[in-house]
Amino acid sequence: MPHTLLVTYDIADDDRRSEISDFLAAHGARVQYSVFEVTLPTNRRLEERADFWIV
């Protein structure tokens with residue numbers, strides 16, 4: 001069964017924010033400007049698929 005995550009962020013740096021937004025858009029649906037719903041397979045975690053940590 002896949003995992004569905006609600007990912008939110010508040011990033012001041014425009015370049016970094018754009019990078020994160022593009023990555024999340026490729027892996028899920030935008031709910032609001034800085035909120036995404038991302039569905040991942042059970043055998044993978046978001047931090048294994050990205051070069052950043054979401055806290």
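Everything here concerns the structure above.
About the criteria used
Residues numbered from 1 in each chain as written. Predicted model: local features only at pLDDT ≥ 70, side-chain atom pairs only at ≥ 80, totals over all residues. Heavy atoms only, no water. Helix = DSSP H or I, 4+ residues; strand = E, 2+ residues; numbered from the N terminus. Buried < 20%, exposed > 50% of the residue type's maximum accessible area, 1.4 Å probe, protein only. Contact = heavy atoms within 4.5 Å. Areas by Shrake-Rupley, 256 points an atom, 1.4 Å probe, with all protein chains shown as cover. Pairing = 2+ DSSP bridges. Axes fitted to C-alpha atoms, helices over the stretch in contact; angles between N-to-C directions.

A. View of the overall build of the chain. Of regular secondary structure, the chain possesses 2 helices and 3 strands. Order of helices (α) and strands (β) in the chain, N terminus to C terminus: β-α-β-β-α. Looking at the chain as a whole, 25% of its 55 residues are labelled buried. A sequence separation of at least 24 residues applies to 57% of the contacts in the chain between residues at least 6 apart. For the chain, the exposed area adds up to about 4100 Å²; of that, 50% sits on carbon and sulfur atoms.

B. The sheet that holds strand 3 (residues 35-40), seen in detail. A sheet is described by the order of its strands in space; here 3 strands give the open sequence 1-3-2, paired in antiparallel fashion. Either end of the sheet is taken by a strand with one partner, and the two such strands are strand 1 (3-8) and strand 2 (28-32). Pairs of neighbouring strands in the sheet enclose a mean axial angle of 25°, with direction left out of account. Bridge count for strand 2 against strand 3 is 4 bridges, and the pairing is antiparallel. Looking across to strand 3, one finds that G28 is bridged to V38. The sheet contacts of helix 1 (residues 14-27) involve strand 1, strand 2 and strand 3, and relative to strand 3 the element is tilted by about 50°.

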